Amino acid sequence: DFQGAEQDCSEAIDRNPFVVDYYQVRGLARIRLENYQGAISDYNQALTYAPENVGVWHNLILCKMREKDYDGARAGVQRLMQISPRYVPAYLMSGEVWMKQQDTLAAETDINRAIELDKYNADTWSVRAMLRLQQKRYAEAEEDLGKAIHLATLNAGNYINRALARYHQKNLRGAMNDYDRAVDVEPNNLIALYNRGLLRA
């Protein structure tokens, strides 16, 4: 009940406007309601009371990315990296912003830094794989997705993306196996079912 959550947080803020958690929770409710501008307003207000709160910066950057304010997201990422230089999601978000702006070299630099910081984080490998798919470096994308799958076996998206990398390398049987695995993990995954149907056809 995200509208109810938003209303309750608004009442809490009316009673005490200096509690950062109220803005954080209302921001999350607004994200679920796709009110990104409202969430951005909440996170900006929270930062006036807690200017180095990593979670607030993280969500603010995500909202700016949703709103396609890539310059604002870039500025937020740079500030977050200053506050917490070893915070891996900051480098992944930075890489995604660079990808949206078609600068794949800068994206790869930031994503590689994320991998250096935490090579046991499946997200670091899957984000770099997406970049490599975009660059049509399919063998390298497949390798990165293999590492991501090893670290997080229950992520259907990684199987679907590896199937795509394998398909582009003419490894149709390997792609079929990955679609089968994706459906095992998420039996109602429409992309996996549709792509497997296309491949069978």
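A few points on the structure. (Residues numbered from 1 in each chain as written. Predicted model: local features only at pLDDT ≥ 70, side-chain atom pairs only at ≥ 80, totals over all residues. Heavy atoms only, no water.)

1. Thoughts on the pattern of salt bridges
Turning to step 1, where the next piece is worked out: Using the criterion set out here, one finds 17 salt bridges in the structure.
Turning to step 2, where the next piece is worked out: A salt bridge links R132 to E108; the nearest nitrogen and oxygen atoms lie 3.4 Å apart. Here the residue R132 occupies a position in helix α8 (residues 122–134), and E108 occupies one in helix α7 (residues 104–117), the gap between them amounting to 24 residues.
Turning to step 3, where the next piece is worked out: We classify E108 as buried; its relative accessible area is 12%.
Turning to step 4, where the next piece is worked out: Here the salt bridges do not stand alone but share partners, grouping E108, R128, R132, R137, E140 and D144 into one network. (Salt bridge = Lys/Arg side-chain N within 4 Å of Asp/Glu carboxyl O. Helix = DSSP H or I, 4+ residues; strand = E, 2+ residues; numbered from the N terminus. Buried < 20%, exposed > 50% of the residue type's maximum accessible area, 1.4 Å probe, protein only.)

2. Some details on the packing of aromatic side chains
Turning to step 1, where the next piece is worked out: Scanning all chains against the criterion turns up two aromatic pairs.
Turning to step 2, where the next piece is worked out: Consider the rings of F18 and Y49, whose centres lie 5.6 Å apart with planes at 75°: the pair is edge-to-face. Taken together, the residues F18 in the loop between α1 (2–15) and α2 (20–32) and Y49 in helix α3 (residues 36–49) connect sequence positions 31 residues apart.
Turning to step 3, where the next piece is worked out: With centroids separated by 6.1 Å and ring planes inclined at 35°, the aromatic side chains of Y23 and Y49 adopt a geometry described as tilted. Taken together, the residues Y23 in helix α2 and Y49 in helix α3 connect sequence positions 26 residues apart.
Turning to step 4, where the next piece is worked out: Assessed through its relative accessible area of 5%, Y23 is described here as buried.
Turning to step 5, where the next piece is worked out: A cation over an aromatic ring shows up here: R74 above the ring of W98, its NZ or CZ 3.7 Å from the ring centre. (Phe/Tyr/Trp six-rings, centres within 6.5 Å; stacked < 30°, edge-to-face > 60°. Lys NZ or Arg CZ within 6 Å of the ring centre and 35° of its normal.)

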